[in-house]
Amino acid sequence: MRPQRPCTARRFGTRTVTALLATALAVAAPFPASAADLPAEHPSALVDPLIGSANGGNTYPGATLPYGMIAWSPTSTTGDQTSTGAANGYQYDATRIRGLSLTHVNGAGCNPGAAGDVPIMPFVGDVTSSPSADTKDAVYAADFSHADERATPGRYTLGLKTGAKADLAVSERAGIADFTFPSDRAANLLFRVSNSLNGSADSHVDIDAAHRKVTGWVLTGAFCGRRANGGVNNRKSYYKLYFSASFDRAFSSVGTWKDGTLSPGSTTASGGEGYATGADRAGRGSGGWVGFDTSSDNDVRMRLGISYVSLDGAEANLREEIAPHARVADVAAAGARAWDRELSTVRIEGGSEARRRTFYTALYHSLMQPNLISDTDGRYWGMDQAVHRLARGQRAQYSNFSGWDQYRAQIQLLALLKPAVAGDFAQSLYNFAEQNGGVWDRWVHISGATHVMTGDPSAATLATFYAMGVRNFDYEGAFDSLVRQATVPHPDGQSDAGCPGQCVGQRPNLAQYLRSHYAAQDVCHCWGGAAETLEDAVADSALAKWAKLLGRDTEAEVFTERGAYWRNVFNPDTGYIQARRSDGSWVTPFTPASDLGFAQGTSATYTWMVPQDVQGLAEAMGGREVAAARLDGFFHKPDGSWSVRGGDPLRYDPTNEPGIHAPWLFNALGQPWKTQATVRQIVDTVYGTGPAGLPGNDDLGTMSAWYVFSALGLYPQTPGSGSLLLGTPVFPTAVLDRPGHRDITINAADADATHVYVDAVRLNGRPHQKSWVGAGLLRTGGSLTFRLAAQPNTQWATDSAGLPK
């Protein structure tokens, strides 16, 4: 068990990679040729960053470190310079790229997602026309084969059909690359500064041939800005990414372009693409190129730093994090060790290689975010579009908060394994809210409020952090701020701007909600009234639990009552959650397969989204037996076969968040063996190795965190709680190494493909007859020992007095 690091201001990440590099340089160990070359105790050897890059997982394979600012990965193309063929810049089946971009987001769903800033393209041939005029990516893009692609944690290598090759490795805020070119053809690097995934408002590039440097910036944002359902509201800028790149050799030629005009010999250019789509944006933008004489030496080394604050910040980040004479192999070795340190917070034994690879890749994806936006000197760009500096006690400012997704699994895993990072993340979100007039946005990208999705996930997130023992943030101030957002109507709550997908109101039409005790479909100014009611009830229940822990009895009473408002959209005549109008009438016509009143889901799915009151939901349905029978039908077709892969509006959808907790509800209904069977079915058939190994958008590690928890035989009971539900572990042993706390050890000696069921459990050596454990395990650590069986034990953990509430 590692001791918790002291919490000091302005130091987080500043020297970490430099120290690792010093070790790497001293040892001079080359990066392994394959994962098999690493000893078994190195979990990074088991990570395959390509998992989730097909089948709509929308992950990216490029080089990044835990919580890193830089994520250097390809931007693919399918023949449209203003698109990529998939969200977040990469799709496994699109084997043509137009550059290697410096920033990415893991698994966000809307195409093209976010970021993808400053694609840098190794181009073989003479630059004879403007790359921005190459609207079909016919000239200044290149094909590749996956046989020439290799992705490992912290390093990415790609060979192109043109004969060029890129070998990339990164620290937290900087990177290093070796570009190799054919020796008998012109060799150039294109800096496509304006060509972010969503476009750009402006960009700039400077080429300093005397000092062998290329610097510049892009002003962009526009997360989900192409969406039809509200995206036009997000076609705006909210961050500027600066970069500084230096080279180990002189330039043989330079030039720039703007829109359709090419300017050989020019050293500066400016101009954005705008945020339009397709033909309305194609052909616009600016950039620059540098050429190299590769006739006698065909390798070009580049060192690069980035910053959201300033060009000086980018250069300081590079100086701090990558030694002047470091090689790609050195930086890659340091990156592998950084990932080993992070991934070894969970040490597993046993299981097949495929199972271990799936597990550690899921853990890898879970711990890729939140992402640093503060520089090594502690400065960062705030949501008020001004420069701020970390306050004493905060080690880093983080961003990229996919709240509606993450509050269900990813933030719990972060709190469990990395409580110090969770606390800095909580403080970061509070800082943003203070800079945003007290408004906590539900989907934060870099320093922008994007408003994506529905509900108030910030309340659920910070309440969960606190319940799970996270304390290194201003929890009193954050609690008061979130209570204000939940109780004081804001003018934005009356606006339909961005609706339905990106409504600006974070507690939309709160005054009506407080009067009616539900969000009325006809006046809610939200994505869907029924979904909004359920989300707010979850958030309010979490606030109530937080208030109790803080000794705030008045708020606890108020929000406990509000946590039950889900009842006001449960129609006893249909037995389903259903949208209502402001006059109290139900929205009709209605079927359980309808998505009217919901956000990315149907009534059949959302009806189960009451994790804070499963017993109350069961009572409303007619009792636990009735509810369990209905839940059975949610996972099975009428013929009894499994239905857990999605595509049926009446049944479980593993690709999206509203129902991902549903397999665990059998525990509260007194039939935990059905949770065990259902979760194992999903683990075995929906997740796996290979590019299609995720069921859908990873959503900043949420789907991956679901797998990590499920493979461990644990799952968060409800937001705002530190309790964990128990399932069936898939590994004989797992040890959770928790900073500042005793380890949690999970033993299941019989774990294998046939032992699906829990026969008995011991908690710290004593028999445990409940299908859940309280937050005390998080505080004190300890052991869970499972005896597994091939057949269900229908007596264990079924006493009604001991069921999860």
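Structure shown above.
What comes next is a walk through the structure.

Counting its secondary structure elements, the protein contains 18 helices and 35 strands. Over its C-alpha atoms the protein spans a radius of gyration of 26 Å, differing by no more than 12% from the 28 Å that the globule rule assigns to 805 residues. Looking at the protein residue by residue over its 805 residues, the buried ones come to 65%. Sequence separation of 24 or more characterises 72% of the internal contacts of the protein that already satisfy a separation of 6 or more. The positive charge centre, built from 69 side chains, and the negative charge centre, built from 77, are 4 Å apart in the protein.

It is worth spelling out the environment of Phe786 at this point. Turning to its location among the elements, Phe786 is positioned in strand β35 (residues 782-789). On the basis of relative accessible area, Phe786 is assigned to the buried category, the value being 4%. On a C-alpha basis, the gap between Phe786 and Phe635 in space is 25 Å, while along the polypeptide they are 151 residues apart. Sequence-distant contacts of Phe786, that is, excluding residues within four places in its chain, are made with Gly713, Leu726, Gly727, Pro729, Ile746, Asn747, Ala748, Ala749, Val758, Ala760 and Val761.

We now examine the environment of Leu462. Within the secondary structure layout, Leu462 lies in helix α8 (residues 457-467). Using a relative accessible area of 0% as the deciding quantity, one classes Leu462 as buried. C-alpha of Leu462 to C-alpha of Ala54: the two residues are 408 residues apart in sequence and 32 Å apart in space.

Take the nonpolar core next. Membership of the largest hydrophobic core comes to 213 residues, with the highest contact counts inside it found for Phe179, Phe191, Phe247 and Trp546. Looking at this core, the element that brings in the most residues is helix α11 (residues 529-550), giving 12 residues. Look past the residues within four positions of Phe191 in its chain and what remains in contact with it is Pro119, Ile120, Val214, Phe243, Ala245, Phe247, Trp257, Ser286, Gly287, Gly288, Val290 and Met302. Core analysis: the second largest hydrophobic core is formed by 9 residues, Ala169, Ile322, Val328 and Val331 among them.

On to the state of the cysteines, then. Per the stated rule, a full pass over the model turns up 3 disulfides. Here Cys499 pairs with Cys503 through a disulfide, and the sulfurs are 2.1 Å apart. Across the S-S bond linking Cys499 and Cys503, the dihedral sits near 135 degrees, which makes this disulfide right-handed. Since its relative accessible area comes to 22%, Cys499 is described here as partly exposed. One disulfide bridge connects Cys524 with Cys526, the sulfur atoms lying 2.1 Å from each other. When the S-S torsion is -90 degrees, as for the bridge of Cys524 with Cys526, the disulfide is left-handed. Exposure remark for Cys524: the relative accessible area of 2% places this residue in the buried category. What links to what in the protein: the bonded cysteines, counted in sequence order, pair as 1-2, 3-4, 5-6.

In this section: the side chain of Ser310. Position of Ser310 relative to the elements: it lies in the loop between β17 (299-307) and α2 (311-321). Exposure remark for Ser310: the relative accessible area of 16% places this residue in the buried category. At 2.9 Å, the side chain of Ser310 forms a polar contact with the backbone nitrogen of Gly313.

Spatially, β23-β24-β25 is the arrangement adopted by the 3 strands of the open sheet, whose pairing is antiparallel. What marks the edges here is a single partner per strand, and that holds for β23 (401-402) and β25 (448-449). In terms of strand pairing, strand β24 (residues 443-445) meets β25 through 2 bridges, oriented antiparallel. Considered in β25, the bridge of His445 is made with Gly448.

Before going further, it helps to examine the sheet that holds strand β31 (residues 744-747). Judged by pairing direction, the sheet is mixed, and its 6 strands sit side by side in the order β18-β30-β31-β35-β32-β33 without closing on themselves. The sheet is open, and its two edges are formed by β18 (346-349) and β33 (766-767), each paired on a single side.

Here we come to empty space enclosed by the protein. If a probe as big as a water molecule is rolled over the atoms, it shows which places are left empty. Taken as a whole and judged by the stated rule, the model has 10 cavities of 30 Å³ or more. Along the wall of the largest cavity there are 14 residues; nearest its centre are Tyr407, Arg408, Pro611, His661 and Pro719. In terms of residue class, the lining of the largest cavity is made up of 8 nonpolar, 4 polar and 2 charged.

Right, let's get into the packing of helix α9 (residues 475-487) against helix α12 (residues 553-562). The axes of two packed helices give the description: the angle between them and the distance between them. Two numbers describe how α9 lies on α12: the axes approach to 13 Å, and their chain directions differ by 45 degrees. When the axes of α9 and α12 are compared, the pair comes out oblique. The handedness of the crossing between α9 and α12 comes out as left-handed. Of the residues in α12, those in contact with Phe479, Val483, Ala486 and Thr487 of α9 are Glu555, Phe559 and Arg562. Residue composition of the contact of α9 with α12, grouped by class: 4 nonpolar, 1 polar and 2 charged.

This paragraph deals with the environment of Met468. In this structure, Met468 sits in the loop between α8 and α9. You can call Met468 buried: its relative accessible area is 4%. Counting along the chain gives 153 residues from Met468 to Met621, while the straight-line C-alpha distance between them is 31 Å. With residues near it in sequence (within four places) discarded, Met468 still touches Gln412, Ala415, Leu416, Ser721, Gly722, Arg738 and Leu778.

Definitions and cut-offs
Residues numbered from 1 in each chain as written. Predicted model: local features only at pLDDT ≥ 70, side-chain atom pairs only at ≥ 80, totals over all residues. Heavy atoms only, no water. Helix = DSSP H or I, 4+ residues; strand = E, 2+ residues; numbered from the N terminus. Rg over C-alpha atoms; globule rule 2.2 N^0.38 Å. Buried < 20%, exposed > 50% of the residue type's maximum accessible area, 1.4 Å probe, protein only. Contact = heavy atoms within 4.5 Å. Lys, Arg positive; Asp, Glu negative; His and termini not counted. Charge placed at Lys NZ, Arg CZ, Asp CG, Glu CD. Core = buried A, V, L, I, M, F, W, Y, C linked by side-chain atoms within 4.5 Å. Disulfide = S-S within 2.5 Å. Polar contact = N/O pair within 3.5 Å; in protein donor to acceptor, adjacent residues only side chain to side chain. Pairing = 2+ DSSP bridges. 1 Å grid on protein atoms, 1.4 Å probe; cavity = no way out; pocket = protein on both sides within 12 Å on 5 of 7 lines; lining within 4 Å. Points joined across faces, edges and corners; volume = space filled by probe spheres on them. Nonpolar A, V, L, I, M, F, W, Y, C, P; charged D, E, K, R; others polar. Axes fitted to C-alpha atoms, helices over the stretch in contact; angles between N-to-C directions. Parallel < 35°, antiparallel > 145°, perpendicular 65-115°, else oblique. Left-handed = near helix turned anticlockwise from the far one by under 90°.

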